[in-house]
Amino acid sequence: MNLAQSIGRKPLDIEREKIEFQSDELYASCEALAPFLEKLVLVGGWALRALMELPNNDRQGIIPYTKDADFAIQLATRADFEEIERHLLEQGFNKRATLNYSFQKEHLIIEILPVGGESKTIVGFELPEYQLAFEDNHRLSVFNAKGNAVSLRVISISTLFAHKIFSYTDRNFERRKDLDHLKFLAERFGKEENKFGLTAKHKAHFEEETVVYELASAHLLGKELRVLRDKPILEEAKMKLKKIIQEIEEQDSDREEIFLQRLKILLDYMEDKFEIYPP
């Protein structure tokens, strides 16, 4: 039986900065890390599900089942990571093969992704974009079917989008799912009632344009991406997004034309070329 339960009780509201989400599986992963939750930020597939209100048994067409719960942590020393490692081992988790940052107990998989300190010696690669998780996040309450709850931080939708850009371009042969996540966010972000009556103005043009429904999610997501404009990592994110756009253009596929339009809109927002109304 799939342990994933129904979607959260309240919809995503960026202004409120508090999100509720119901899932037995994610709750169990968070509960296993209870002593450390204030040090962690939820990232990855479960962050996508919490932010976009997706239960784990509903693929919504392009989102596969989420197997592991990813948490980012800032390291001052290696001991910060080792403390969590000891705790998980004491809870009955085992390390997964050669992945020093990945732990499994029966069906639960937890990955601890460190930023700073000796992070590269732990995971074998650096994740500079994950620093954004500690600068741009929301408070998340995760419930199980019994009504028990845990509280922690989850990355914002803008940071999630940036993470997916990095994940796909850095390891695109093994991370095709990240491109699917980018496509999903560009197509479906935002409440339905907010996708009508939008107008946008490209700063290179004189007149406002009515935003068609098919492109409304890209504009709404672009509005959120503006919070990253002053982040040092943004220049690299824009360069990588241009690489993704070029890759899709080279495919010369009519199927990807609408996705390509959405990505170009998002890039324009990242470059501060668009204004949207209402703001």
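Up top you'll find the structure we're talking about.
Here the residue numbering is sequential within each chain, running from 1 through the sequence in written order. The predicted nature of this model means local features are confined to residues of pLDDT at least 70 and side-chain atom pairs, given and counted, to a pLDDT of 80 or more, with totals for whole chains, interfaces and linings taken over all residues. As a convention, hydrogens and water are excluded, and side-chain values are obtained from all of the structure's heavy atoms.

A.B. asks: What should I look at first to understand the overall build of the chain in this one?
C.D. replies: Along its length, the chain carries nine helices and 11 strands. We take the radius of gyration over the C-alpha atoms and set the globule estimate at 2.2 Å times the residue count to the 0.38 power. Computed over its C-alpha atoms, the radius of gyration of the chain comes to 19 Å, within 12% of the 19 Å expected for a compact globule of 279 residues. Relative accessibility decides the category of a residue: with a 1.4 Å probe and only protein chains considered, values under 20% of the type maximum give buried, values over 50% give exposed, and everything between is partly exposed. Expressed as a percentage of its 279 residues, the buried residues of the chain come to 51%. Residues are treated as being in contact if the distance between any of their heavy atoms lies within 4.5 Å. Put simply, of all contacts in the chain between residues at least 6 apart along the chain, 66% involve residues at least 24 apart. For the chain, the distance from the average position of its 40 positive side-chain charges to the average position of its 50 negative side-chain charges is 2 Å. Secondary structure elements follow DSSP: runs of H or I of four or more residues count as helices, runs of E of two or more count as strands, with numbering from the N terminus. His is not counted, nor are the chain ends, whereas Lys and Arg count as positive and Asp and Glu as negative. Lys charges are placed at NZ, Arg charges at CZ, Asp charges at CG and Glu charges at CD.

A.B. asks: Would you take a moment to explain the sheet that holds strand β3 (residues 68-74) for this structure?
C.D. replies: In a beta sheet, neighbouring strands are held together by backbone hydrogen bonds and run either parallel or antiparallel to one another. Taken together, eight strands build an open sheet; the order of strands is β1-β7-β8-β2-β3-β6-β5-β4 and the sheet is mixed. Across the chains shown, the open sheet's two edge strands, defined by having one partner strand only, are β1 (18-22) and β4 (94-96). Direction aside, neighbouring strands of the sheet carry axes that sit 40° apart on average. Relative to strand β8 (residues 149-155), strand β7 (residues 137-143) is paired through seven bridges, and the arrangement is antiparallel. From the neighbouring strand, phenylalanine 143 faces β8, where its bridge partner is alanine 149. Angular values range over 0 to 180 degrees, each being the angle between N-to-C directions of two axes fitted as lines to C-alpha atoms, with helices fitted over their stretch in contact. Sheet strands in contact with helix α3 (residues 78-90) are β2 (40-43), β3, β4, β5 (99-105) and β6 (108-115), and its direction is about 25° off that of β5. By the convention used here, strands pair only if DSSP detects at least 2 bridges between them.

A.B. asks: What exactly am I supposed to notice about the sheet that holds strand β11 (residues 274-277) here?
C.D. replies: If you walk across this open sheet you meet the three strands as β10-β9-β11, and the pairing is antiparallel. Single-partner strands in this sheet number two, and they are β10 (209-210) and β11. Bridge count between strand β9 (residues 199-202) and β11: four bridges; the pairing is antiparallel. Its bridge partner being in β11, threonine 199 is matched across the sheet by tyrosine 277. Lying on the sheet, helix α9 (residues 257-270) is in contact with β9 and β11; it crosses β11 at an angle near 100°.

A.B. asks: Explain the nonpolar core here, please?
C.D. replies: Among soluble globular proteins, nonpolar side chains are generally buried collectively. Nonpolar cores were defined as sets of buried Ala, Val, Leu, Ile, Met, Phe, Trp, Tyr and Cys residues, with membership established by side-chain atoms within 4.5 Å. Counting 90 residues, the largest nonpolar core has Phe71 and Ile112 as the members making the most contacts within it. With eight residues, α9 is the single largest residue contributor to this core. Beyond its immediate chain neighbours, meaning those up to four positions away, isoleucine 112 contacts Leu33, Phe71, Ile73, Phe81, Ile84, Leu88, Tyr101 and Phe103.

A.B. asks: How do you make sense of the packing of aromatic side chains when you look at a structure like this?
C.D. replies: Each pair of aromatic rings taken from Phe, Tyr and Trp, with Trp reduced to its six-membered ring, is defined by centres within 6.5 Å and is described as stacked if the planes are under 30 degrees apart, edge-to-face if over 60, and tilted in the remaining cases. Inspection of the entire model under this criterion finds three aromatic pairs. With 6.2 Å between their ring centres and 70° between their planes, phenylalanine 21 and tryptophan 46 make a pair best called edge-to-face. Highlighted residues: phenylalanine 21 in strand β1 and tryptophan 46 in helix α2 (residues 44-52), separated in sequence by 25 residues. Given a relative accessible area of 1%, phenylalanine 21 falls into the buried group. Seen from their ring centres, phenylalanine 196 and tyrosine 213 are 5.4 Å apart, and the 25° between their planes marks the pair as stacked. A residue pair is termed long-range when its members are at least 10 positions apart, and phenylalanine 196 in the loop between α6 (176-188) and β9 and tyrosine 213 in helix α7 (residues 213-225) qualify at 17 residues.

A.B. asks: Looking at this structure, I do not really get the side chain of arginine 153. What am I missing?
C.D. replies: Looking at the element boundaries, arginine 153 is found in strand β8. Notably, arginine 153 is buried but unbridged: the nearest opposite-charge side chain belongs to glutamate 38, and the N-O separation is 5.4 Å. Within the structure, the side chain of arginine 153 is placed 3.1 Å from the backbone oxygen of glutamate 38, a separation counted as a polar contact. With residues up to four places along the chain from it excluded, the contact list for arginine 153 reads Glu38, Lys39, Leu40, Val41, Leu42, Phe134, Asn137, His138 and Arg139. We define a salt bridge as a side-chain nitrogen of Lys or Arg found within 4 Å of a carboxyl oxygen belonging to Asp or Glu. The term polar contact refers here to a pair of N or O atoms within 3.5 Å; inside protein, the definition further demands a hydrogen-donor-capable atom paired with an acceptor-capable atom, and it admits residues adjacent in sequence only when both atoms are side-chain atoms.

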